[in-house]
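Working through the structure, step by step
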Amino acid sequence: MSETSSTEAREPSIPRQPGARRTLLEVDQVVLRFGGVVALNDVSFQIHEGEILGLIGPNGAGKTTTFNVMTGVFKPTSGQVRFDGARVSGRKPPEISRMGISRTFQNIRLFPEMTALENVMVGTDSRHKTSVPGALFRLYRVRPKPEELPQVTSDVPLLRIWQQVRRTCAQIFGLSRHILEERAAEKKSLELLQFVGIEGRANEVARNLPYGDQRRLEIARALATEPKLLCLDEPAAGFNPAEKEQLLTLIRQIRDRGHTVLLIEHDMRLVMGVTDRVVVLEFGTKIADGSPDEVSRDPRVIAAYLGESVDAA
Amino acid sequence: MMDKVRATEARRRAALNGIADRWAALPPWQRLIGVAAFIAFLYYLPLLGIPGLTWLRTDSIDGGNSWAGVLFTCAIYVLVAIGLNVVVGLAGLLDLGYIGFFAIGAYSVALFGSTNSPVVKWMQRTFDLEPTWAVAWAICIPLAIALSLTSGVILGWPTLRLRGDYLAIVTLGFGEIIRIVARNLTGVTNGAAGISAIPGPEGAPSADNKIFGLQDLKPWYWLAITVVLLMVFAVRRLENSRVGRSWLAIREDEDAAAVMGVNGFKFKLWAFAIGAALGGLSGFLFASRNAFIDPSQFNATLSILFVAMVVVGGSGNMVGVAFGAVLLAYLPERFRFVSDYRWVAFGFAMVVVMVLRPQGLIPSRRRARELQDRAKEAKVSV
Ligand SMILES: Nc1ncnc2c1ncn2[C@@H]1O[C@H](COP(=O)(O)OP(=O)(O)O)[C@@H](O)[C@H]1O
Ligand SMILES: [Mg+2]
């Protein structure tokens, strides 16, 4: 199974027809039942590489549940999810993460007692290999790139000699993979914290961060796993209009970095501003799929949202 | 009254954090000197003769136990606490049967190293060996580690898929099963009669042993503290690595960790195996020095004591749990008048600690911050 996935993953991303883009993820007739409750009823849609797809719908429509099926938290009752041509449903979450799907959570789920930096590093760790023997004995050596070699910087003669010895040893014997991975993880995590705009809080414990920064930290942590597809579950919840605007910019930047984005959002206007395409769910069923313009004119969508605002009132 | 207590508490915590901060701010070479001085002091401890500090010695009171012997016990308990801290404090798995691994380590050296053990006697008969033959002490070290580690994996494999409370119950049962098996499997373990003549570094205990004898316990302490320091070094390495981060992530939110690519089962099993190996190593040292073991030395109350050392000291913080272990091993020895009421005093102290310092005496810094945060939240909601 993994062989087919790897060959298909290397399939060139040249559009087959002009204007059509390669399908990255395909949700295919997914049904999910919880006892008697049908949370997802024959849902099908596709995500194309490089787009920002909005997934909207009233509360309880099944948006988060769709994420949970896509990331391996729930196994669909029937139907399947394919990612990059390989089957996702039935695999465990860590495996799916390695395939290239990452997500944030509607109700923030950081590692509260770890620092912001450590939270992101857990994400980068998913691309690394060091385990207990590697961290303990550090015998696994790799040849460092020239810039990774220890530098000779000191003016004190004795220290200088010591640094020279270390440099020479690293040239001859290489450096431990553990050390190089630690450095890479820290560097990339700091860069991601900077990207989402909270590098100043790197050493603060996650639970002490303000709400908005926690949301941003979740995005940085998800990006750290190097996902092809990033799923954001109501990232703007609880944001004021200015913060929402910043978030939109961030989402566009994420796409420009080469990630495909799936965005769950409650606020229709927000979705219209940033998405290329929108899928609408209601009561676990897909009721619309198209450009933001088309969808916002769809009578069923309008009815669904009207009904909801009446309920909410 | 309660407010006053809290205020003192806050000041003390600030002072503690202040010490830690100042320590972290020192240049590396100064920290190196500090650590070296502390290690030197640890090796000097059994000879402790500094006026004013000699009252710390347990033999400074009537009928007190050998000072080096008490230090040895402290070192063993510290080793236990460091191992259990990997399981409970870092990976967040409540293991109430840690004594089981301790017992397996102890019985490894007893069964294979002592000429009085039925196993060695059987080997002598089967392979036609001399009656003085037994497995060498040095070979028993990897044997004890391998056996306890394996038992950790065998216990962890099916049970680590269980969550929280279930794991606690299963491990509690495991600890008891090991003890009951040791008592009832008379043909292998001598049952309740126990096994004597367990070897040390110089072979079977005898009056001729020059260094690791029965009278002078200082070398035993020096051996144990060396092992402790090595293991502190090793666990530190794991803590500050991808492995340590995975453990914390699992402890904090296992499902979120899985979605972020952490293979929860694998790292929980590693934590369990490493904890088991350290427990086995402590049991090994305990049995070597004691020269005699029987099943009654491994009952469930010790398991609870082990968990208490970790919780009282500060779960998740190696310095904290080591401190907790030293306290619980040392105080009853030095203050003999409490030892009659040991368990009452112990229970009372536990309650006091848990009320005043729920995160332990020297909390993990991250946890300390969390607690302050919760206190703030609580104030807002009231
Ligand atoms: N673990 C679960 N067990 C039972 N029902 C669930 C579970 N998760 C979600 N549901 C149900 O599935 C439906 C969709 O929920 P959800 O996906 O969270 O909606 P939303 O679109 O607001 O994210 C709801 O009716 C919810 O009650
Ligand atoms: Mg939701």
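Residues numbered from 1 in each chain as written. Chains lettered and ligands numbered in written order. Predicted model: local features only at pLDDT ≥ 70, side-chain atom pairs only at ≥ 80, totals over all residues. Heavy atoms only, no water.

1. A short note on the overall build of chain B
- Helices and strands together make up the secondary structure of chain B, namely 17 helices and 0 strands.
- In summary, chain B has a C-alpha radius of gyration of 22 Å against a globular reference of 21 Å for 382 residues, a match within 12%.
- For the C-alpha atoms alone, the extent of chain B along its principal axes is close to 75 × 55 × 45 Å.
- Here chain B, with 382 residues, has 48% of them falling under the buried criterion.
- Sequence-distant contacts in chain B: of pairs separated by 6 or more residues, those separated by 24 or more amount to 72%.
- Accessible surface for chain B amounts to roughly 18,000 Å². Of this, 68% is attributable to carbon and sulfur atoms.
- Distance between charge centres in chain B, computed from 35 positive and 24 negative side chains, equals 6 Å. (Helix = DSSP H or I, 4+ residues; strand = E, 2+ residues; numbered from the N terminus. Rg over C-alpha atoms; globule rule 2.2 N^0.38 Å. Buried < 20%, exposed > 50% of the residue type's maximum accessible area, 1.4 Å probe, protein only. Contact = heavy atoms within 4.5 Å. Areas by Shrake-Rupley, 256 points an atom, 1.4 Å probe, with all protein chains shown as cover. Lys, Arg positive; Asp, Glu negative; His and termini not counted. Charge placed at Lys NZ, Arg CZ, Asp CG, Glu CD.)

2. Concerning the site of ligand 1
Residues and elements named next belong to chain A.
- For ligand 1, the full set of nearby residues is Phe 34, Ala 39, Pro 58, Asn 59, Gly 60, Ala 61, Gly 62, Lys 63, Thr 64, Thr 65 and Phe 74.
- Between ligand 1 and Ala 61 there is a distance of 3.2 Å, counted from an oxygen atom to a backbone nitrogen or oxygen.
- Contacts to ligand 1 include Thr 65, whose side-chain N or O atom sits 2.5 Å from an oxygen atom.
- Bound to the protein, ligand 1 loses 62% of the 560 Å² it would expose on its own.
- Classifying every residue of the shell around ligand 1 by side-chain character gives 5 nonpolar, 5 polar and 1 charged. (Near = heavy atom within 4 Å. Polar contact = N/O pair within 3.5 Å; in protein donor to acceptor, adjacent residues only side chain to side chain. Nonpolar A, V, L, I, M, F, W, Y, C, P; charged D, E, K, R; others polar.)

3. Let's talk about the coordination of the magnesium ion (ligand 2)
Residue and element names in this part refer to chain A.
- Bound to the magnesium ion (ligand 2) are the protein donor atoms Thr 64 (OG1) and Gln 106 (OE1), situated 2.0 to 2.1 Å from the metal. Of the two residues, Thr 64 sits in helix 2 (residues 63-70) while Gln 106 sits in the loop between strand 6 (101-103) and helix 4 (116-125), which places them 42 residues apart along the sequence.
- In this structure Thr 64 comes out as partly exposed when scored by relative accessible area, which is 25%. (Donors = N, O, S within 2.8 Å, 3.2 Å for Na, K, Ca; no water.)

4. Considerations on the sheet that holds strand 4 (residues 78-83) of chain A
- Taken together, 4 strands build an open sheet; the order of strands is 2-1-4-5 (chain A) and the sheet is antiparallel. Two strands lie at the open edges of the sheet, namely strand 2 (37-48) and strand 5 (86-87) of chain A, each paired on one side alone. (Pairing = 2+ DSSP bridges.)

5. Details of the interface of chain B and chain A
- If you look at the interface, chain B gives 33 residues, while chain A gives 39 residues.
- Carbon and sulfur atoms make up 57% of the area that chain B and chain A hide from each other, which totals about 3,100 Å².
- Counting the surface chain B buries against chain A, the share from its top three residues, Arg 242, Arg 245 and Met 260 of chain B, is 26%.
- Counting every contact that joins chain B to chain A gives 5 salt bridges. (Buried area = accessible area lost by both parts, 1.4 Å probe. Salt bridge = Lys/Arg side-chain N within 4 Å of Asp/Glu carboxyl O.)

6. Side note on the UniProt feature "transmembrane region" (unreviewed entry) in chain B
- UniProt's entry tags residues 32-55, 67-89, 96-114, 134-157, 220-238, 269-288, 300-331 and 343-362 of chain B with the feature "transmembrane region" (unreviewed entry), counted in the numbering of this structure.
- The distance separating the terminal C-alpha atoms of residues 300-331 of chain B is 21 Å; by composition the span is 88% helix and 0% strand. (UniProt positions renumbered as here; feature names shortened; annotations may be inferred.)

7. Notes on the confidence of the model for chain A
Residue and element names in this part refer to chain A.
- Mean pLDDT over chain A stands at 89; residues scoring 70 or higher make up 91%.
- Counted against residues more than four places away or in other chains, residues 1-18, with its pLDDT under 50, gives 14 contacts.
- Note that pLDDT drops below 50 for residues 309-313; the model gives that stretch 0 contacts with residues more than four away or on any other chain. (pLDDT = per-residue confidence, 0-100.)

8. Some points on helix 14 (residues 318-334) of chain B
Residue and element names in this part refer to chain B.
- For helix 14, built from 17 residues, the straight-helix expectation of 24 Å at 1.5 Å per residue is met to within 8% by its first-to-last C-alpha distance of 24 Å.
- The set of residues buried in helix 14 consists of Met 318, Gly 320, Val 321, Ala 322, Gly 324, Ala 325, Leu 328, Ala 329, Tyr 330, Pro 332 and Arg 334.
- Where helix 14 begins, the side chain of Asn 317 points an oxygen toward the backbone nitrogen of Val 319, at a separation of 3.1 Å. (Expected span 1.5 Å × (residues − 1).)

9. A few points about the layout of surface pockets
- Approximately 880 Å³ is the volume attributed to the second largest pocket.
- Lys 92, Pro 93 and Pro 94 of chain A together with Asn 263 and Gly 264 of chain B are, among the 36 residues lining the second largest pocket, the residues nearest its centre.
- For the lining of the second largest pocket, the secondary structure elements donating two or more residues are helix 3 (93-99) of chain A together with helix 11 (254-259) and helix 12 (264-290) of chain B.
- Tallied by class, the residues present in the lining of the second largest pocket amount to 14 nonpolar, 8 polar and 14 charged. (1 Å grid on protein atoms, 1.4 Å probe; cavity = no way out; pocket = protein on both sides within 12 Å on 5 of 7 lines; lining within 4 Å. Points joined across faces, edges and corners; volume = space filled by probe spheres on them.)

10. Describing the pattern of salt bridges
- Inspection of every chain in the model, using the stated rule, returns 30 salt bridges over all chains.
- Across the pair Asp 84 of chain A and Arg 22 of chain A runs a salt bridge whose closest N-O atoms are separated by 3.1 Å. Here Asp 84 of chain A is found in the loop between strand 4 and strand 5, whereas its partner Arg 22 of chain A is found in the loop between helix 1 (2-9) and strand 1 (23-34), with 62 residues between them in sequence.
- Owing to a relative accessible area of 6%, Asp 84 of chain A belongs among the buried residues under this scheme.
- Salt-bridge contacts for Glu 113 of chain A lead to Arg 251 of chain B; the nearest nitrogen and oxygen are separated by 3.2 Å. Separated into two different chains, Glu 113 of chain A in the loop between strand 6 and helix 4 and Arg 251 of chain B in helix 10 (residues 242-252) make up a pair that spans both. Side by side, Glu 113 of chain A and Arg 251 of chain B carry an identical accessibility label, which is buried.
- Through salt bridges with shared partners, one network takes in Arg 22, Glu 49, Asp 84 and Lys 228 of chain A.

11. Describing the side chain of Ser 117 of chain B
All names here are of chain B.
- Mapped onto the elements of the fold, Ser 117 is located in the loop between helix 4 (98-113) and helix 5 (118-127).
- Side-chain polar atoms of Ser 117 contact the backbone nitrogen of Val 120, separated by 3.1 Å.
- When near neighbours in sequence (up to four residues on either side) are disregarded, Ser 117 contacts Ala 110, Leu 111 and Ile 195.

12. Brief notes about unusual backbone geometry
Residues and elements named next belong to chain A.
- Its identity is not glycine, yet Glu 226 carries a phi of approximately 55°, on the positive side.
- Positionally, Glu 226 belongs in the loop between helix 8 (211-224) and strand 9 (229-233).
- The backbone phi angle of Glu 234 is positive, close to 45°, even though this residue is not glycine.
- Position of Glu 234 among the secondary structure elements: in the loop between strand 9 and helix 9 (241-256).
- Overall, Glu 234 belongs to the buried group, its relative accessible area being 9%.

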